[in-house]
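# Chain and residue survey
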Amino acid sequence: MRYFDYTATTPIDKEVLETYIKVQNSYFANTSSLHSLGQKSNALFEQASAEIKDLLGLKQHNIVYTSNATEANNLAIYGIVEKHIRGKLITTKIEHPSVFEVFKNLERKGYDVVYLDVDEKGIIDIKQLQREIDKNTILVSIMWVNNIVGSIQPIKEIIKIVSGYPKTKLHVDAVQGIGKINPDFNFKDIDLFTISAHKIYGPKGIGALIYNQNIDLYKRLYGSSAQYGVKPGTIDVALVVSLCKALKKYLPLTEEHYQYVLSLNRRFRSKLENQEGIIFNSCLKASPYIINLSLPHINGETIVHILEEKEIYLSTGSACSSKLKKPEKTIYNMTKSELLATTTIRIGLSHLLSQTDIDDLAQEIGEIANV
Amino acid sequence: MYDLIMVRYGEMTLKKKNYRQFLNKIAENIVNKCKIYPELTFRKTDYRFYINLNGVDYNKVIDILDTIVGLYSYSLCKKTEANYESIAEEGIKLIQENFCGSSKTFKVATNRGNKSFPATSIEISQEIARRILPNIEGLKVDVHHPDITLNVDLRYEGTYIFVQTIKGLGGYPSGIAGKGLLMMSGGIDSPVAGFLTLRKGVNLTAIHYASPPYTSGKALQKVVDLLEKLAIYTTSGNITLLVVPFTKIQNRIHEQANQTYMVILMRRAMYKIASEVCRKQNMDIIINGESIGQVASQTLESIKVVNEVTNIPVIRPLATYDKEEIVEIARKIKTYDISIRPYEDCCTVFVPEHPIIKPRIDHVIFEERKCELEPLIAEAIENIEIIELSCFKKYFVYQEEKFEI
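## Remarks on the overall build of chain B
The secondary structure content of chain B amounts to 13 helices and 15 strands. Relative to its 405 residues, chain B shows a buried fraction of 40%. For chain B, the proportion of contacts with a sequence separation of at least 24, taken over those separated by at least 6, is 81%.

So this is what it looks like as structure tokens:
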């Protein structure tokens, strides 16, 4: 079996799994219990949060653990927007559904939503943001690394622009960037951002919304005061510690893995770049972890099924939206071509892959394109 | 990207004759705390203190400066050559780095300490502004209410430019004012009172009243954790904690006295112990987090009958603060989240349903006599436990094995 869908999810790291089991066994008590066993759980929970903050260079941020990044994105956006009856919201045309669909819903509720365009590289025009943002803007939500093509948004410049509007909050979906790319910005300058454990060899079932503690989020859920009241309910300390463990193990390796995956990426491209019938949608400046391409005469889903016969696994578009048979919106917005947007496949790379894996994949895809 | 940090001193510029002493103390505090970065070099002038970064991340130095009391403000500076070209060139970069969407206007302010520079400060400002203006899109000059001010500091020792002035903690240098004993319950108020006193240069020792088994080791751990946060603001990073065994006194009051006087009697006993400790250890003041009217024992009448047991000055930095103001400071010094941990402390066990809010001194003394507390107080003082705390090393009341993530 060869797995090329690391963008959708990653297998759990052995050490992270061991940590999970150990904590699940010994720290099962409820973090809210007053007895010393509960307090032991709570101390470990707080230790994990403190270590995560240290790893990300944060001091003034709260961490709220959620079931996944989708939940975190929802809590972040609704948490900010529902404090206001009306106002302007800015996002992009290529967000993950967990952001995009939230804005669609807010638009229906009467908020003024601006969807920024992207160029053929999948990157927003910073000048358009500058034009659109004004003092009535409540929230700007822009993803760091796009999950379909891997385009990297200029977060550093975005931070600078948004910081000129004290009432405007900035939300960044950092799921595909963290642990994979070293940021050229500081996380501490972002009002709210979201991460997920299972994209960086942690377990599924845990994501996090990390936000500046000066922000008072609107509470969507009612319950105890756990997790600042933003996400009340019993905390799974083992999942939280596993997220911490994954970050602790993989953040320091970011650069090393980046360089290696970059070499895999270039190797793959060099083999198929000049082949007819294959169009690379990801540009060279995109995250090396994601290669998106279209074989204009074959449906993306067909390719997925041809390859799975050979136990090679990859995705059309994003796993989260691929069950909807619609043109892929990121590719469509970049290329304005419905054909390219329905014939796209996404290869998610990892440091776990070898050069032979890459060569084999290139050969298989090359053969399909030749048919 | 910055070369040095310019530090301005605080309130002590008001003090004429002690000025030197204050200045040396604060310089010593800065140098001491910055020792962890041996690359840093320092220079002291009469009104300023310069830290040469020599490649150290300025954020790390700012983190240190934010723990030093007696600093008025500081600025991140860039060193340039003393000519228009390089000042304007570096100035453009600096403005662009700090230029955000809404800032549109700027001015240049020049301080010409280097009198050999062949122009007046106004001429210099104008010339630099003229050179910068066409290079940044959308920038206008506004000399009255600019969004950004580019400061040019021409000194004989070098030319520095900066745009931002960051406020420091203010107050007096640590350890300049004498010694005080801080009464710590573990609530929100007492750490804030301690911080405000530290900021005025007072050396602190803390006293805590523990009533096991009514209060748990967790309550003591809470006090320890709070003090470790306060220790950051001391010169040495250390604070001594005195733990008074208070159970017997509390039990006796509970058994003997009229319940409505319970809290008043307890506080009188605490004050007696604190003032005895002050006398023995030669401390000048007692500090606590009392705020007028906040609870029954903090009405003016109650404060009066409690205060009556001591002749050592009791400083109550929070006397006139509202709870929200206190919480705001508590959050800033990061004690709030510790303070709200849900453990009972000595003030919350045995609280009568209707404590007296206007106690009369003759009644108080009558109730107190019934309890015969003096021998118990002497015993408590005898058995005080001393814990040395440091902001560099965590102290654990219970040594639990730590989980390595």
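Picking up after the structure, the text goes on.
## Description of the overall build of chain A
If you tally the helices and strands in chain A, you get 12 helices and 12 strands. Within chain A, the proportion of its 371 residues that are buried is 47%.

## Comments concerning the interface of chain B and chain A
On the chain A side, the residues contacting the 9 residues of chain B number 18 residues. Considered class by class, the residues forming the side of chain B that touches chain A number 4 nonpolar, 3 polar and 2 charged.

## Re helix 4 (residues 97-108) of chain A
Because an α-helix packs 3.6 residues into every turn, residues spaced three or four apart end up facing the same way. Residues and elements named next belong to chain A. Relative to the 16 Å expected for 12 residues at 1.5 Å per residue, helix 4 spans 16 Å between its end C-alpha atoms, a close match to the ideal helical length. Among the residues of helix 4, those classed as buried are S98, V99, F100, V102, F103 and L106. Residues of helix 4 that are buried in the fold lie against helix 3 (69-81), strand 3 (88-92), strand 4 (112-116), strand 5 (137-141) and strand 6 (169-173). Looking one or two residues beyond helix 4, the residue adopting positive phi is G110, at roughly 110°.

## A few points about the sheet that holds strand 11 (residues 202-210) of chain B
All names here are of chain B. With mixed pairing, the 6 strands of this open sheet are ordered in space as 14-13-10-11-12-15. The open sheet has two edge strands with one neighbour each: strand 14 (314-315) and strand 15 (385-390). Pairing between strand 10 (residues 178-183) and strand 13 (residues 285-287): 3 bridges, direction parallel. Across the sheet, L182 pairs through a bridge with I287, a residue of strand 13. Across the sheet, helix 5 (residues 189-199) lies against strand 10, strand 11, strand 13 and strand 14, angled at about 170° from strand 10, the strand it touches most.

## Brief notes about the confidence of the model for chain B
On average, residues of chain B score 88 in pLDDT, and 95% of them reach the 70 mark or higher. This prediction of the complex comes with two scores: 0.68 for pTM and 0.71 for ipTM.

## Regarding the environment of V99(A)
Residues and elements named next belong to chain A. For V99, the location among the structural elements is in helix 4. Separated by 29 residues in the primary sequence, V99 and T70 place their C-alpha atoms 7.7 Å from one another. Here V99 is in contact with N73, I77, T91, S141, M143 and D173, once residues within four sequence places are set aside.

## Observations concerning unusual backbone geometry
Cis rather than trans, the peptide bond between P212(B) and P213(B) has omega equal to 5°. One non-glycine residue with positive phi stands out, namely Y201(A), at about 65°. What makes Y201(A) buried here is the crowd of 25 C-beta atoms within 10 Å. With a phi close to 60°, N282(B) is a non-glycine residue in the positive phi region.

## Quick look at the pairing of strand 3 of chain A
Residues and elements named next belong to chain A. Where burial is concerned, most of strand 3 is hidden: 4 out of the 5 residues are buried. Bridging between strand 3 and strand 4 involves 5 bridges; their strand directions are parallel. Bridge assignment links K88 to a residue of strand 4, and that residue is D112. One crossover worth recording links strand 3 to the parallel strand 4 by way of helix 4, and it is right-handed. When strand 3 meets strand 5, the two strands line up parallel, connected through 3 bridges. Its bridge partner being in strand 5, L89 is matched across the sheet by L139.

## Observations regarding the environment of M183(B)
The residue M183(B) is located in strand 10 in this model. When near neighbours in sequence (up to four residues on either side) are disregarded, M183(B) contacts S190(B), I207(B), M270(B), A274(B), I286(B), I287(B) and N288(B).

## Section: the packing of helix 1 (residues 14-26) of chain A against helix 7 (residues 237-250) of chain A
All names here are of chain A. Between helix 1 and helix 7, whose axes approach to 8 Å, the crossing angle comes to 155°. Relative to helix 7, the element helix 1 is oriented roughly antiparallel. Along this stretch, helix 1 crosses helix 7, giving a crossing that reads as right-handed. Taking contact as the criterion, the partners of E15, V16, T19, Y20, V23 and Q24 in helix 1 are, on helix 7, V237, A238, V241, S242, K245, A246 and K249. Here the residues of the contact of helix 1 with helix 7 sort into 7 nonpolar, 3 polar and 3 charged.

## Details of helix 6 (residues 217-231) of chain B
With 15 residues, helix 6 of chain B extends 21 Å from end C-alpha to end C-alpha; this agrees with the ideal 21 Å at 1.5 Å per step. Burial analysis of helix 6 of chain B places 13 of its 15 residues in the buried class, which makes it a mostly covered element.

## Digging into the sheet that holds strand 7 (residues 192-196) of chain A
Residue and element names in this part refer to chain A. Strand order across the open sheet formed by 7 strands is 2-8-7-6-5-3-4, with mixed pairing between neighbours. Two strands lie at the open edges of the sheet, namely strand 2 (61-66) and strand 4, each paired on one side alone. Neighbour to neighbour, the strand axes of the sheet diverge by 20° on average, direction disregarded. In terms of strand pairing, strand 6 meets strand 7 through 3 bridges, oriented parallel. Across the sheet, residue V172 finds its bridge partner in strand 7, namely F193. This element, helix 3, spans strand 2, strand 3, strand 5, strand 6, strand 7 and strand 8 (207-212) of the sheet and lies at about 30° to strand 8. The strands that helix 4 touches are strand 3, strand 4, strand 5 and strand 6; relative to strand 3, the one it contacts most, it runs at about 150°.

Cut-offs and rules
Residues numbered from 1 in each chain as written. Chains lettered and ligands numbered in written order. Predicted model: local features only at pLDDT ≥ 70, side-chain atom pairs only at ≥ 80, totals over all residues. Helix = DSSP H or I, 4+ residues; strand = E, 2+ residues; numbered from the N terminus. Buried ≥ 20, exposed ≤ 12 C-beta atoms within 10 Å, placed from the backbone. Contact = placed C-beta atoms within 7 Å. Nonpolar A, V, L, I, M, F, W, Y, C, P; charged D, E, K, R; others polar. Expected span 1.5 Å × (residues − 1). Pairing = 2+ DSSP bridges. Axes fitted to C-alpha atoms, helices over the stretch in contact; angles between N-to-C directions. pLDDT = per-residue confidence, 0-100. Right-handed = clockwise from strand over helix to strand, strands pointing away. Parallel < 35°, antiparallel > 145°, perpendicular 65-115°, else oblique. Left-handed = near helix turned anticlockwise from the far one by under 90°.

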